[in-house]
Amino acid sequence: MIAKKRNLFLYFVFFLILIISIIGHLFSGQINISFSDYFDSIFNFDSENMNQLIAREFRIPRLTMALIAGAGLSISGMFMQTLFNNPLAGPYVLGINSGSSLFVAFTMMTGLSFFQTDFGIITSALIGALVFGFIILAFSLFVKSHISLLLIGLMLGSFTGAIISILQTFSSAQELKSFTIWTMGSLQHVQLSQLPIISIIFILGIGLSLFLIKPLNILVLGEKSSVILGLNIKTIRIATIGITALFAGIITAFCGPIAFVGLAVPNIVRSVFKTQSHGKLIVGNIFIGATFLVISDAIIQFLEQWIQLPINAFTSIIGAPLLILIVLKRLK
Amino acid sequence: MITFNKCEIGYKSVLVRIPELNLSAGHIYALIGANGSGKSTLLNTIINKKSLLGGELFIDSKSHATFSAKELAQKIAYVESKFDGVEYLTVEQYISLGRAPYTDAFGRLGEDDIKAISDAITILSLNSFKDKYTLNLSDGERQLVAIARALAQATPIIILDEPTAFLDYGNRIKLIQTLTKIALQENKCIVFSSHDIELCLDSSIQILIVNQQDKNLELCASDITKKEILRIGFGI
């Protein structure tokens, strides 16, 4: 009972922190935009007003993307950590980001686009994530142990890494630069018109995740015990990988690979809420994951007047020491 | 409860043969045999992790092969020789996972589930540490908690793979007494593998030995001596 009250209190605290960081994000840019401008930009938009235009076209999409990417990557990281029973697993452990990177590299550095549209890079990244998601799903049908699956994912990563290196040697300086910038991740390239589709997929992913709560709760006991409790390991594996690919795929497509969030946040959530109940962990990951990326991006936005920091570098700078701190605390 | 008919059990070659045997409710059976004699394989066959090489196995006179995973989980509970505990998993949460075969898609606990969980906790007198983390228990406590999880599963059959292997002598005696009590009071069919021949002989446990020579599984008479067990099972 005490634990229940404690967790409710924690949810409340983290929700407050999330709200505060959202407000902080909205007002951390170089140009000061008032609350009423934000309000009008959504409900009473005047395209002549510069501030409203910035709010609508840049700030709000960027904030929304930070919320979705933080929450989505954290949830999928948690899924992978439970599935592989390994706190070092993350959303990219199965090579979903490798797929995106490979296809984006092809698009950028060979001029050979898979889809000649305005946002060819996004479609390439999305297709890459889906293709690699399916490859790993296909493997998961035949592979018996989770460890072998993990190794296959890592090998896919090395393999694509090698191909990308080869592509890089043939590409021009300009192509190389734009690819490198893509790999650094960015929340700024999302457009308002793309938000509905991203949001719908995100909400769909959350809805599907609810069906993983029970199987993952059982899976912490190990594969053998889970089977004996009536769990179909293969179905669960496919469902978990599928939902992770959905989250990681859509986020990587629009933001590039964002490091560390999906690895650090689920570990933080587990040690803060001290539970193995995945329903509670999902809520915790949404709150803390979103907060983590919103704060990171708010700081980046604030520093933009002096320096352009890539989100990838920044999440690692905050995330790595945080994770070390947790590990040290746990070992005590 | 569990009926074997001309069963052949093993991996590529046959390790254990069971021409005919019926294990019934309200009884507890200790499975004894040398290392590598196929005790674990036999238990794995009963829980359907391993299929039979030949013959037929019936649970409640229904063929073993026709059960779905969920149906089987409502018939047989299984306790591994060692439960290591899971970080941040409390005893009560762990025991509640035993209700998985009965709960809905989201794992929500109903009244029946909550009652089964609290009954299991009461039967094993775990009330004082139900809020503890499973990682912070002693080996003996953890084994009791694992048995409580199996009890919460409310199955007529409980299978345990060497449940006493990691316990000290006092805890071994207590565990075997607890299992015997549960078999009688809750009318369950309990089968466990063990090397504690003396402890099993001292209580009202029926002994199954894998005959070392012809690989047949023998149900021993209640007045069997340790000497005979050693001769049949270990060739000493």
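Residues numbered from 1 in each chain as written. Chains lettered and ligands numbered in written order. Predicted model: local features only at pLDDT ≥ 70, side-chain atom pairs only at ≥ 80, totals over all residues. Heavy atoms only, no water.

### With respect to the overall build of chain A
1) Next: A tally of regular secondary structure across chain A gives 14 helices and zero strands.
2) Next: Secondary structure elements in chain A, listed N-terminal to C-terminal, are α-α-α-α-α-α-α-α-α-α-α-α-α-α.
3) Next: In summary, chain A has a C-alpha radius of gyration of 20 Å against a globular reference of 20 Å for 332 residues, a match within 12%.
4) Next: In terms of overall dimensions, chain A has C-alpha extents of about 65 × 55 × 35 Å along its principal axes.
5) Next: For chain A, buried positions account for 53% of its 332 residues.
6) Next: In chain A, of all internal contacts separated by at least 6 residues, the share reaching a separation of at least 24 is 75%.
7) Next: By element, 74% of the accessible surface of chain A is carried by carbon and sulfur atoms, the whole surface being about 15100 Å². (Helix = DSSP H or I, 4+ residues; strand = E, 2+ residues; numbered from the N terminus. Rg over C-alpha atoms; globule rule 2.2 N^0.38 Å. Buried < 20%, exposed > 50% of the residue type's maximum accessible area, 1.4 Å probe, protein only. Contact = heavy atoms within 4.5 Å. Areas by Shrake-Rupley, 256 points an atom, 1.4 Å probe, with all protein chains shown as cover.)

### Observations concerning the pairing of strand E6 (residues 76–79) of chain B
All names here are of chain B.
1) Next: Of the two faces of E6, the one lined by Ile76 and Tyr78 and the one lined by Ala77 and Val79 are each fully buried.
2) Next: Sheet topology note: the E6/strand E7 (residues 157–160) ladder contains four bridges and is parallel. Note that in E7 the partner of Ile76 across the bridge is Ile157. (Pairing = 2+ DSSP bridges.)

### Observations regarding the domain arrangement of chain B
Residues and elements named next belong to chain B.
1) Next: Domain annotation for chain B reports domain 1 (1–69 + 156–163 + 189–236) and domain 2 (76–154).
2) Next: Relative placement of domain 1 and domain 2: their C-alpha centres are 26 Å apart.
3) Next: Linking domain 1 to domain 2 there are zero salt bridges.
4) Next: Linking domain 1 with domain 2 are six residue pairs in polar contact (both at pLDDT 80 or more).
5) Next: In terms of residue count, E7 provides more of the side of domain 1 that touches domain 2 than any other element does, four residues in total.
6) Next: Here the side of domain 1 that touches domain 2 is built from residues that sort into nine nonpolar, one polar and two charged. (Domains from an automatic or database assignment. Salt bridge = Lys/Arg side-chain N within 4 Å of Asp/Glu carboxyl O. Polar contact = N/O pair within 3.5 Å; in protein donor to acceptor, adjacent residues only side chain to side chain. Nonpolar A, V, L, I, M, F, W, Y, C, P; charged D, E, K, R; others polar.)

### Comments concerning the sheet that holds strand E4 (residues 54–59) of chain B
Residue and element names in this part refer to chain B.
1) Next: With antiparallel pairing, four strands are arranged side by side in an open sheet as E2-E1-E4-E5. On the outer flanks of this sheet lie strand E2 (14–23) and strand E5 (62–63), each paired with one strand and no other.
2) Next: Sheet topology places E4 next to E5; two bridges connect them, and they run antiparallel. Opposite Phe58, over in E5, you have Ser63 as the bridge partner.
3) Next: Where helix H1 (residues 39–46) meets the sheet, its contacts fall on strand E1 (2–10), E2 and E4, and the angle it forms with E1 comes to roughly 130°. (Axes fitted to C-alpha atoms, helices over the stretch in contact; angles between N-to-C directions.)

### Focus on helix H6 (residues 169–185) of chain B
All names here are of chain B.
1) Next: Compared with the 24 Å implied by 1.5 Å per residue over 17 residues, the 24 Å span of H6 between its first and last C-alpha is a close match.
2) Next: Here H6 starts with a cap whose side-chain oxygen sits 3.2 Å from the backbone nitrogen of Gly170, and that cap is Asp168.
3) Next: Looking one or two residues past H6, Asn187 carries a phi angle of roughly 55°, positive in sign. (Expected span 1.5 Å × (residues − 1).)

### Brief notes about helix H5 (residues 139–152) of chain B
All names here are of chain B.
1) Next: In this model H5 runs 20 Å from its N-terminal to its C-terminal C-alpha over 14 residues, within 8% of the 20 Å that 1.5 Å per residue would give.
2) Next: Counting buried residues in H5 gives 11 out of 14 residues, a clear majority hidden from the surface.
3) Next: Every buried residue belonging to H5 is among Gly140, Arg142, Gln143, Val145, Ala146, Ile147, Ala148, Arg149, Ala150, Leu151 and Ala152, and all of these are buried.
4) Next: Elements in contact with the buried residues of H5: E6, helix H3 (91–96), helix H4 (111–123), E7 and H6.
5) Next: Following H5 by one or two positions, Ala154 adopts a phi angle in the positive range, close to 50°.

### A short note on the pattern of salt bridges
1) Next: With the rule as written, the count across this model stands at 12 salt bridges over all chains.
2) Next: In this structure, the salt-bridge partner of Asp139(B) is Arg142(B), at a minimum N-O distance of 3.5 Å. In this pair, Asp139(B) and Arg142(B) are both assigned in helix H5, three residues apart and thus about one turn of the helix distant.
3) Next: A relative accessible area of 33% means that Asp139(B) is categorised as partly exposed.
4) Next: One network of salt bridges, with partners in common, ties together Arg62(A), Asp297(A) and Glu304(A).

### What about the confidence of the model for chain B?
1) Next: Per-residue pLDDT for chain B has a mean of 91; in total, 100% of the residues score no lower than 70.
2) Next: When pLDDT is averaged over each helix and strand of chain B, the minimum, 87, is found for helix H7 (residues 197–202) of chain B and the maximum, 96, for E7(B). (pLDDT = per-residue confidence, 0-100.)

### So, the environment of Gln168(A)
All names here are of chain A.
1) Next: Its place among the elements puts Gln168 in helix H6 (residues 146–170).
2) Next: Residues Gln168 and Arg56, spaced 112 residues apart in sequence, show a C-alpha to C-alpha distance of 36 Å.
3) Next: Excluding anything up to four places from it in sequence, Gln168 contacts Met109, Leu176 and Phe179.

### Section: the interface of chain B and chain A
When the parts come together, some accessible area is lost, and that loss is often what is quoted as the size of the interface.
1) Next: Each partner contributes residues to the interface: chain B has 28 residues there, and chain A has 20 residues.
2) Next: Summed over both partners, the interface of chain B with chain A comes to about 2000 Å²; 62% of that surface belongs to carbon and sulfur atoms.
3) Next: Looking at the side of chain B facing chain A, the largest losses of area belong to Tyr88(B), Leu97(B) and Phe106(B), adding up to 31% of the total buried there.
4) Next: Run the count over chain B and chain A and you get nine residue pairs in polar contact (both at pLDDT 80 or more).
5) Next: Where the side of chain B that touches chain A is concerned, the elements lending two or more residues are helix H2 (69–73), E6 and H3 of chain B.
6) Next: Sort the elements by how many residues they give to the side of chain B that touches chain A and H2(B) lands first, with three residues.
7) Next: Here the side of chain B that touches chain A is composed, by residue class, of 16 nonpolar, six polar and six charged. (Buried area = accessible area lost by both parts, 1.4 Å probe.)

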